[in-house]
Amino acid sequence: MGISSPGIGSNIDVNGIVAKLMAVESQPIAIIDKKAASYQAKISAFGSLSSAVGAFQGSLSSLTSVATFQAVSATSANTDILVGSATSKAVAGVYSVNVTQLAQAQTLTSNGLASISTAVGLGVSTTLSFQLGAVSAGSFGLAGTALAGAVLTGGISNGALSINGTAIATDSTTRSAKALAEAINAKSATTGVSATAATTNTSATLFGSAGASSFGDIDTSGGGTYALSVGGITLASQGTGVASGAGVSAASIDTVLGGANPTTSALAAAGITFSGTAAAGDLVFHAADGSNINLSEAASGSVLGGIGTDTLSANTGVNTTASAAISLSSATASPITVGGNAPALAGLAAGSGGSYLGASFNQDANQISGTVVIDSTNNSLAGIRDAINKANLGVTATIISDGSATPNHLVLSSTKTGASSTIKLSLAATGGGAPDSALSDLLAYDPAGVQNLKQNTAAQSTLLNVNGIPVSSETSSVSGAIQGVSLTIGTTGKTTLTVAKDSTGVKAGVNAFVKAYNDLNSQIAKLTAYDTSAAASAKLGDASSGGPLLGDATVRSLQTQLRKQLSQSITGLDGDLTTLSQVGIAFQKDGSLSVDSGKLDTAVKNHFDDIAGLFAAVGKASDSLVSFNTSTSSTKPGDYALNVTALASQGSLTGDLAVPLLTTIAAGTKWNVTLNQTDPVTANRTASVSLAAGSYSPGQLATLIQSAINGAGSFGANELAVNASIDGAGKLVVVSAKYGSISKLAISSDSGTQVSDIFGSASALDGTDIAGTLGGQPATGSGQLLTGAAGSDAAGLKVEVTGGATGARGTVGFSQGYAYQLNNLAANFLGAKGLINGRTDGLNATIKDLAQQKDDFNARLVDIEKRYRAQYTALDTSISSLNSTSSFLTQQFAALAKQTS
């Protein structure tokens with residue numbers, strides 16, 4: 001029977017011997033593990049280095065921008081009124097700003113309806129056309145009626161009239177429109193309403209009334225006397241005993257009024273003018289200021305002829321007073337509330353309301369327009385609301401209930417603020433003819449015509465003046481009023497804005513650059529440090545004497561390139577600063593950077609505009625119509641000559657005949673427009689465009705077409721637009737707003753007025769890209785952008801040419817500042833193809849190879865251990881057998897000894 005446990009038979013520690021032998025055999029495994037741990041430590045170190053370089057690059061991102069080092073501050077003395085932000089183009093100074101009006105959107109409200117779901121009208125298919133524009137001339141308010149006769153003698157009692165809750169002080173002397181307007185205007189600061197008295201006119205038939213065609217010759221031969229006066233000024237008089245034709249007549253009155261004399265001078269001094277003639281029977285006197293005009297014809301005794309009589313008819317005299325009406329105007333174009341115990345005395349009705357009076361509406365070509373069809377499927381208040389909102393026409397609709405018997409009001413609001421966002425809503429039967437009358441009564445709104453919707457708030461722009469110059473903006477943001485400054489308006493009022501070069505921001509940028517470098521330098525130092533105190537211990541195997549990346553070629557390369565770039569001067573700069581030392585930045589003994597604040601202050605003070613070039617990528621063109629756009633890491637610093645062989649153009653469509661003075665667009669007109677189509681074809685570049693029915697002048701027609709096309713939903717969402725105008729030959733021209741070969745335009749008819757009716761045999765032209773060279777090398781054109789060709793020094797340099805002529809266009813200078821260069825350097829070390837990642841990939845591959853070596857060696861160790869165990873087990877067996885033989889012989893020798901004794 002064999003030995004089951006090694007060593008039992010021989011007392012040899014087979015397991016211990018094998019274990020010790022295997023420990024010796026396994027020593028290469030420890031070496032492999034040590035190598036793997038070392039490589040893993042390097043990978044971890046490269047991870048830390050990558051993070052440090054990434055943080056360094058992140059810190060540089062803002063420092064590569066010119067704006068960081070050309071910061072300009074804009075400080076408002078009252079931030080409630082406005083706040084400002086400035087660019088490097090801002091001009092230092094103190095600006096006085098007075099904001100008088102804030103931008104707001106227009107809101108319109110319909111009359112109330114009992115239900116939001118009940119049909120409005122008969123369901124006749126009706127097209128609602130929305131246009132946005134500005135209101136000009138006229139005013140918004142209420143028009144009153146002429147003052148009543150009782151007022152002309154007794155005035156208007158106090159308390160009879162209030163406006164917007166403010167009582168108007170009137171009394172027995174308030175007898176004319178002029179006096180009433182003055183009383184109302186005395187409270188304008190409180191009411192926000194001003195009053196204008198209409199011109200007072202005497203009756204148009206006064207001198208040709210009662211069957212008489214004109215003024216009858218005066219006859220006082222029967223013993224009477226006669227006098228005619230206007231406003232207390234005598235025009236004519238006649239004593240007794242004068243026969244007809246020998247005294248006052250229509251002709252004599254006209255003679256007096258037709259020349260310069262004391263009578264006409266007195267009339268002018270009294271503010272009274274006149275038109276017509278007594279001879280024609282249409283003589284009318286006027287008072288432009290709204291004063292009452294009293295006309296008196298005094299006849300005593302036997303008088304024949306005069307006003308309303310002929311030469312043979314008796315005249316008993318006439319005494320009449322003409323009055324005028326007033327109109328109210330809201331300063332904010334908001335509804336005016338009229339109250340008081342007897343507003344009718346002022347020719348006004350109690351209640352709230354208002355409309356545009358004598359105004360014009362001008363559609364804005366830059367605002368979208370479009371149509372909505374209402375028929376039997378959606379002719380409820382809710383249906384109308386949903387149809388308008390779905391159309392996305394720059395107008396939103398909601399329904400508000402006021403709790404009355406007819407509580408539901410449709411409320412329309414323009415989605416944009418500004419005076420040019422006033423709504424015009426016209427209606428036409430979709431197939432031609434009259435629209436549904438109920439819909440018209442509910443919705444028709446034209447600031448220059450029928451206004452069936454009530455305006456609650458007017459579309460208005462922000463109004464302000466800067467250093468006394470009037471400025472307006474469609475929104476609460478104002479750009480361009482002050483060069484390089486954007487203003488955000490908060491409320492009305494006066495304040496100042498101080499614009500100054502922001503030296504603090506520039507210094508912060510410089511210090512941020514130094515910190516970013518020092519943080520990276522510090523991390524590299526930790527990863528490559530050599531610990532002299534640990535060197536002796538390292539010899540004894542107790543500790544390492546160096547950082548994980550000590551002596552690493554990749555880290556040395558990074559350090560070398562960083563220091564090389566920081567030590568070189570910047571080429572391609574036009575300014576006086578080209579090195580870091582000129583702004584006080586210098587290397588220290590430990591490789592870090594420091595800033596001399598004194599030198600930096602001097603540089604900021606004397607060379608503020610040049611500092612940006614030290615850190616950022618700067619491009620500058622000598623031609624004012626050429627601008628630097630972008631560059632890449634491949635772009636080399638230098639001056640590049642620009643030569644333009646072809647300018648970019650826009651796709652266009654031009655009519656072949658001059659547009660007539662008036663063009664009629666039929667109801668239901670729709671065109672199909674394709675704009676800037678791509679290859680392959682993109683569906684959202686074709687849209688159905690609806691044109692509002694009506695008659696249009698050439699300019700209005702261009703405006704209508706531009707706004708309708710730009711209002712197409714898919715176009716707006718993809719920033720596609722056109723500009724329409726009338727050229728010098730009177731032809732309609734529609735041009736794509738985009739430049740280049742992508743710029744194309746095609747229009748075809750769908751329904752209603754045909755495209756050919758407007759354009760005739762229109763000629764279409766596709767746009768072209770700019771073409772030319774940069775630095776003498778061919779460049780790639782795309783729209784108005786010209787990009788340097790790959791492989792050339794100008795590779796990636798992109799400039800925009802917005803106009804001018806073909807041929808030599810000067811130079812484009814380009815320089816790479818330190819932050820920009822280091823940012824590119826960091827990018828070379830980072831990323832999937834970066835040097836750090838490549839180094840890490842190599843280390844990971846080595847670790848993987850070591851793991852395989854370890855696995856292979858472990859497999860060999862199994863065989864070695866098996867062999868050792870077999871050998872020592874055989875030895876154990878042999879020794880055990882010898883021990884048994886020895887024991888047997890000992891026993892036998894002992895037995896023989898006993899026998900022989």
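Structure shown above.
Just so you know, these numbers come straight off a predicted model, no measurement behind them.

Quick notes on the rules
- Residues numbered from 1 in each chain as written.
- Predicted model: local features only at pLDDT ≥ 70, side-chain atom pairs only at ≥ 80, totals over all residues.
- Heavy atoms only, no water.
- Helix = DSSP H or I, 4+ residues; strand = E, 2+ residues; numbered from the N terminus.
- Rg over C-alpha atoms; globule rule 2.2 N^0.38 Å.
- Buried < 20%, exposed > 50% of the residue type's maximum accessible area, 1.4 Å probe, protein only.
- Contact = heavy atoms within 4.5 Å.
- Areas by Shrake-Rupley, 256 points an atom, 1.4 Å probe, with all protein chains shown as cover.
- Lys, Arg positive; Asp, Glu negative; His and termini not counted.
- Charge placed at Lys NZ, Arg CZ, Asp CG, Glu CD.
- Pairing = 2+ DSSP bridges.
- Axes fitted to C-alpha atoms, helices over the stretch in contact; angles between N-to-C directions.
- Expected span 1.5 Å × (residues − 1).
- Parallel < 35°, antiparallel > 145°, perpendicular 65-115°, else oblique.
- Left-handed = near helix turned anticlockwise from the far one by under 90°.
- Nonpolar A, V, L, I, M, F, W, Y, C, P; charged D, E, K, R; others polar.
- Phe/Tyr/Trp six-rings, centres within 6.5 Å; stacked < 30°, edge-to-face > 60°.
- Salt bridge = Lys/Arg side-chain N within 4 Å of Asp/Glu carboxyl O.
- Core = buried A, V, L, I, M, F, W, Y, C linked by side-chain atoms within 4.5 Å.
- Patch = residues over 30% accessible without salt bridge, like charges linked within 9 Å, V, L, I, M, F, W, Y side chains within 5 Å.

Asker: Please provide a residue-by-residue account of the overall build of the chain, values included.
Answerer: When its secondary structure is counted, the chain shows 20 helices and 52 strands. Here the C-alpha radius of gyration of the chain, 49 Å, is well above what a compact globule of 901 residues would show, namely 29 Å. Projected onto the principal axes, the alpha-carbon positions of the chain cover approximately 210 × 70 × 65 Å. Expressed as a percentage of the 901 residues in the chain, the buried residues total 41%. Considering only contacts within the chain whose residues lie at least 6 apart along the sequence, 72% involve residues at least 24 apart. With an accessible surface of roughly 41,400 Å², the chain has 53% of that area assigned to carbon and sulfur atoms. Distance from the positive charge centre (43 side chains) to the negative charge centre (52 side chains) of the chain: 19 Å.

Asker: Provide a residue-level description of the sheet that holds strand E37 (residues 626-630), including the pertinent values.
Answerer: Backbone hydrogen bonds hold the strands of a sheet together, and the pairing may be parallel or antiparallel. Across the sheet, which stays open at both edges, the eight strands sit in the order E36-E52-E38-E48-E49-E50-E51-E37 with antiparallel pairing between neighbours. Each edge of the open sheet carries a strand with a single partner, namely strand E36 (617-621) and E37. Neighbour-to-neighbour, the strand axes of the sheet open up by a mean angle of 30°, direction not taken into account.

Asker: Lay out helix H2 (residues 27-61) in plain terms, naming residues and giving numbers.
Answerer: Between its first and last C-alpha, H2 extends 51 Å over 35 residues, near the 51 Å set by a 1.5 Å rise per residue. What H2 keeps buried is the set Ile29, Ile32, Ala36, Ile43, Ala45, Phe46, Leu49, Ala52, Val53, Phe56 and Leu60. Looking at the buried residues of H2, the elements they touch are helix H11 (503-527), helix H13 (553-567), helix H19 (818-829) and helix H20 (835-900).

Asker: Could you give an account of the environment of alanine 444, with specific residues and numbers?
Answerer: By the secondary structure assignment, alanine 444 is in the loop between helix H10 (437-443) and strand E28 (454-457). Take alanine 444: its relative accessible area is 14%, and that puts it in the buried class. Along the primary structure alanine 444 and alanine 789 are separated by 345 residues, whereas in three dimensions their C-alpha atoms are 59 Å apart. Non-local contacts of alanine 444, meaning those with residues more than four positions away in its chain, are made with Leu425, Leu427, Leu439, Val450, Gln451, Asn452 and Leu453.

Asker: Got a sec to walk through the packing of H11 against H13? Specific residues and values, please.
Answerer: Remark: H11 packs on H13, axes separated minimally by 11 Å, with the N-to-C direction vectors making an angle of 155°. With respect to each other, H11 and H13 are oriented roughly antiparallel. Both H11 and H13 take part in a crossing whose hand is left-handed. The residues of H13 that touch H11, namely those facing Phe513, Tyr517, Leu520, Asn521 and Ile524, are Val555, Leu558, Gln559, Leu562, Arg563 and Leu566. Its residues assigned to classes, the contact of H11 with H13 shows eight nonpolar, two polar and one charged.

Asker: Describe the packing of aromatic side chains, naming the residues involved and giving the relevant values.
Answerer: Counted under the stated rule, the structure contains eight aromatic pairs. Seen from their ring centres, tryptophan 671 and phenylalanine 759 are 6.2 Å apart, and the 55° between their planes marks the pair as tilted. Note that tryptophan 671 is positioned in strand E41 (residues 669-675) and phenylalanine 759 in helix H18 (residues 755-759), a separation of 88 residues in sequence. With respect to class, tryptophan 671 is no different from phenylalanine 759; both count as buried.

Asker: Go over the pairing of strand E39 (residues 650-658), please, and point to the residues and values.
Answerer: With five bridges joining them, E39 and strand E45 (residues 731-739) adopt antiparallel strand pairing. In the sheet register, threonine 654 faces E45, and the bridge partner there is valine 733. In terms of strand pairing, E39 meets strand E47 (residues 763-765) through three bridges, oriented antiparallel. By the bridge assignment for E47, threonine 654 is matched with serine 763.

Asker: Kindly report on the pattern of salt bridges, identifying the contributing residues and their values.
Answerer: If you walk through the whole model with that rule in mind, you get eight salt bridges. Salt-bridge contacts for lysine 507 lead to aspartate 601; the nearest nitrogen and oxygen are separated by 2.6 Å. On the criterion of sequence distance, the pair formed by lysine 507 in helix H11 and aspartate 601 in helix H14 (residues 597-606) is long-range, its members being 94 residues apart. The partner of glutamate 865 in a salt bridge is arginine 869, and the shortest N-O contact between them spans 3.3 Å. With glutamate 865 and arginine 869 both in helix H20, this residue pair falls four residues apart, about one helical turn. Residue classification places glutamate 865 among the partly exposed positions, given a relative accessible area of 30%. Relative accessible area serves as the criterion here: at 29%, arginine 869 is assigned to the partly exposed category.

Asker: Please give an account of the nonpolar core that cites residues and values.
Answerer: Counting 48 residues, the largest nonpolar core has Leu49, Phe56, Phe513, Leu562, Ile585 and Phe615 as its most contacted members. Of all the elements in the fold, those that place two or more residues in this core are H2, H11, H13, H14, helix H15 (611-615), H19 and H20. At nine residues, the largest contribution of residues to this core is made by H11. Residues contacting phenylalanine 513, with those up to four places away along its chain left out, are Leu60, Leu63, Leu566, Leu580, Ile585, Leu593, Phe615, Tyr818, Ala819 and Leu822. In this structure, Tyr356, Ile388, Tyr445 and Leu453 belong to the second largest nonpolar core, which totals 30 residues.

Asker: Help me get a handle on unusual backbone geometry, residues and values and all.
Answerer: Even without being a glycine, asparagine 164 presents a positive backbone phi close to 50°. When you line up the elements, asparagine 164 lands in the loop between strand E7 (162-163) and strand E8 (166-167). The phi torsion at asparagine 467 lies on the positive side, around 50°, for a residue other than glycine. Counting through the fold element by element, asparagine 467 comes out in the loop between strand E29 (462-466) and strand E30 (469-473). Assessed through its relative accessible area of 44%, asparagine 467 is described here as partly exposed.

Asker: Explain the environment of alanine 859 to me, using residue names and the numbers behind them.
Answerer: Inspection of the secondary structure assignment puts alanine 859 in helix H20. When the C-alpha atoms of alanine 859 and serine 355 are compared, they prove to be 99 Å apart, with 504 residues separating the residues in sequence.

Asker: So what's going on with the sheet that holds strand E16 (residues 293-300)? Which residues, and what values?
Answerer: Taken in spatial order, the four strands make up an open sheet running E13-E12-E16-E18, and their pairing is antiparallel. The strands lining the two open edges of the sheet, one partner per strand, are strand E13 (233-238) and strand E18 (318-322). The mean inter-strand angle of the sheet, taken between neighbouring strand axes irrespective of direction, is 5°. Pairing between strand E12 (residues 225-230) and E13: five bridges, direction antiparallel. Following the sheet pairing, tyrosine 226 is matched in E13 by glutamine 238.

Asker: Can you break down helix H9 (residues 381-391) residue by residue, with the values?
Answerer: Inspection of H9 places Leu381, Ala382, Gly383, Ile384, Ala387 and Ile388 among the buried residues, and these make up the whole buried set. Contacts from the buried residues of H9 go to strand E5 (126-136), strand E24 (370-374), strand E25 (395-401), strand E26 (408-414) and H10.

Asker: Give me a nonpolar patch on the surface: which residues, what numbers.
Answerer: Where nonpolar side chains cluster on the molecular surface, the patch consists of Phe888, Leu889, Phe893 and Leu896 and spans about 420 Å² of accessible area. Within the secondary structure, phenylalanine 888 is located in helix H20.

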